[in-house]
Amino acid sequence: MAVPSISELSLLKALWRRQPLSAREIHDEVVEELGWSYSSTRKTLERMLEKGMVRQELRHGVQVYEAVSEKVGTLAAFAHDFGRRVMEIDAPLPVAMFTGSKLVDDAELARLEQMLKDWPDEEGGAA
């Protein structure tokens, strides 16, 4: 599973909260967090479209975007990557670090915990 960049994750989170959204609506959702121009949002959406993270569709004469990247799986990949590369942790991250998140509900939190626990190790087996 591809791990999104920080800016790509911000756009995905906006879509996971409420989709479909136009590029302008996505930009309005993330502009305060990212502090960048509308053209930067459009360019990032184009890259995400090429990577298969989002899909684009014409609805009522407006191009809108929807997340293709599944929320829990993407968050698990991001958390796993963070644990390994940034924190140099070989064991699964404790799910307690996600408690209180506004992004996932209890069922998604349980799925996230299971995915992190079952993540394959570098040799291809389960961790």
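What counts and what doesn't
Residues numbered from 1 in each chain as written. Predicted model: local features only at pLDDT ≥ 70, side-chain atom pairs only at ≥ 80, totals over all residues. Heavy atoms only, no water. Pairing = 2+ DSSP bridges. Helix = DSSP H or I, 4+ residues; strand = E, 2+ residues; numbered from the N terminus. Axes fitted to C-alpha atoms, helices over the stretch in contact; angles between N-to-C directions. Parallel < 35°, antiparallel > 145°, perpendicular 65-115°, else oblique. Left-handed = near helix turned anticlockwise from the far one by under 90°. Contact = heavy atoms within 4.5 Å. Nonpolar A, V, L, I, M, F, W, Y, C, P; charged D, E, K, R; others polar. Phe/Tyr/Trp six-rings, centres within 6.5 Å; stacked < 30°, edge-to-face > 60°. Lys NZ or Arg CZ within 6 Å of the ring centre and 35° of its normal.

Peer 1: Hey, could you go over the pairing of strand 3 (residues 62–67) for me, with residue numbers and the actual values?
Peer 2: Inspection of the sheet shows strand 1 (residues 21–22) paired to strand 3 by two bridges, in the antiparallel sense. Its bridge partner lying in strand 3, leucine 21 is registered against tyrosine 65. For strand 2 (residues 54–59) and strand 3, the ladder comprises six bridges, and the chain directions are antiparallel. Residue pairing across strands places leucine 58 opposite glutamine 63, the latter belonging to strand 3.

Peer 1: Hey, could you go over the packing of helix 4 (residues 71–86) against helix 5 (residues 106–117) for me, with residue numbers and the actual values?
Peer 2: Following both chains from N to C, one finds helix 4 and helix 5 inclined at 45 degrees, their axes separated by 9 Å at the closest point. One way to sum up the angle between helix 4 and helix 5 is to call them oblique. Seen from above, helix 4 lies across helix 5 with right-handed handedness. Every residue of helix 5 that contacts helix 4 at Lys71, Val72, Gly73, Leu75, Ala76, Ala79 and His80 is listed here: Glu108, Arg111, Leu112, Met115 and Leu116. The class makeup of the residues in the contact of helix 4 with helix 5 is seven nonpolar, two polar and three charged.

Peer 1: Explain the packing of aromatic side chains residue by residue, including any values.
Peer 2: A complete count under the given rule lists zero aromatic pairs for this structure. When the ring centre of tyrosine 38 is taken as origin, the NZ or CZ atom of arginine 24, which lies over that ring, is 3.9 Å away.

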